[in-house]
Amino acid sequence: MKKILPLLLLFLGISTFSQQIESFKTILNDKISIRAIELDDDKVWYSGTDSKFGFVDLIDPEHQKQIKLSDEKLQFRTLAQDEDYFYAANIESPARFFKIDKKNFTHQIVFNDISKAAFYDAFHFVNNQLAFSFSDTDDNRLKLVVYKNGEWSFFKNNIRLNTGEAAFAASNTNMASTKKYLWIATGGKSSRILRLNFRKNKIDVFNTPIIQGESSQGIYSIDFLGDKFGIAVGGDYTKQEANINNIATTNDGGKTWQIQASGKNAGYTTCVKIKPGSRGKEIIAVGDQHISYSSDFGTTWKKISDEKGFFVCQWIDTNTVVFAGKDKISVMKLKF
């Protein structure tokens, strides 16, 4: 009986684990690294390495298209959209902002940043007339490109970053917004939250307890539900299994943060997304070595897959998540 019981418990554990995932199917295989995706018209759109941009149809995955935005081997880690166009900026200098027509894939360069330190970590649309893109900087000043009412420019501000404070282009998700705020997460030797109040046109800066101090540490991804509840995840990409102080939540719009599941999560995490309709209770997160799930506002986490090589995720609906990363895009259907 002593031998049978552990085996029975093991079986039950495996059974419970497998019941959470109804299906997990790869819909794109390619020689590409993808760190930015968008959903539109029942398709998952992506940008990636080797100047590649394209889509896979979620209803009929055989229907897919890919182009190269440049003859150069540019690396894209950003992607954003308004009603009619997609936008992507490459990470190395000179940085070029591409505007891509959703209907016919024609594209043009609409903005350039020729500074040596140009490295665009995220691109985010607040609405069809307002977008921001966040770059590393060579003078410790916060560098944002703003798209407003059809015009592109650098966003004027007086925010100074700390020495060694930058950001991570891990999943295009270190920016988030509501109608009232834009949040930006930094990382490295200093990991903070910068919050732009649109009405006041003022940026407030808040410290976080997320692990920081080394160039590889800090916040990699954030998500917010409304103006109050938010979650930040990250860690240290040089120590994939390290799981101390790498998840935190806020209930006051980013002013203060509470560490969650320290020492009790799957480790380094590159993307986090709140489940639509769950009021923040259910959250999925992905890192190079895991896919994890929380059903209690990020307080505790359970690893639901050991699948490796994913960097970014997005909810398709309340039961389905798309993942992208090294050489693939996959769709997971969950049971609840």
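Everything numeric here is computed off the predicted structure, so don't read it as measured data. (Residues numbered from 1 in each chain as written. Predicted model: local features only at pLDDT ≥ 70, side-chain atom pairs only at ≥ 80, totals over all residues. Heavy atoms only, no water.)

## Digging into the overall build of the protein
Counting its secondary structure elements, the protein contains one helix and 28 strands. Taken over the C-alpha trace, the protein has a radius of gyration of 20 Å; the compact-globule value for 336 residues is 20 Å, and the two agree within 12%. In terms of overall dimensions, the protein has C-alpha extents of about 70 × 45 × 35 Å along its principal axes. By residue count, 54% of the 336 residues in the protein fall in the buried class. Of all intrachain contacts in the protein linking residues separated by at least 6 positions in sequence, the fraction that spans at least 24 positions is 46%. Total accessible area computed for the protein in this model is approximately 15,600 Å², and 49% of it derives from carbon and sulfur atoms. (Helix = DSSP H or I, 4+ residues; strand = E, 2+ residues; numbered from the N terminus. Rg over C-alpha atoms; globule rule 2.2 N^0.38 Å. Buried < 20%, exposed > 50% of the residue type's maximum accessible area, 1.4 Å probe, protein only. Contact = heavy atoms within 4.5 Å. Areas by Shrake-Rupley, 256 points an atom, 1.4 Å probe, with all protein chains shown as cover.)

## What to know about the sheet that holds strand E4 (residues 64-68)
If you walk across this open sheet you meet the six strands as E4-E3-E2-E1-E28-E27, and the pairing is antiparallel. Because the sheet does not close on itself, it has two edges, and the strands there are E4 and strand E27 (310-317). Adjacent strand axes in the sheet meet at a mean angle of 25 degrees, parallel and antiparallel pairs treated alike. Pairing between strand E1 (residues 21-40) and strand E28 (residues 320-334): eight bridges, direction antiparallel. The partner of lysine 25 across the bridge, within E28, is valine 331. (Pairing = 2+ DSSP bridges. Axes fitted to C-alpha atoms, helices over the stretch in contact; angles between N-to-C directions.)

## Remarks on unusual backbone geometry
Looking along the chain, the bond that leaves serine 93 and enters proline 94 is cis, with omega of -5 degrees. Even without glycine at this site, alanine 261 takes up a positive phi of about 55 degrees. Looking at the secondary structure, you find alanine 261 in the loop between strand E22 (258-259) and strand E23 (271-274).

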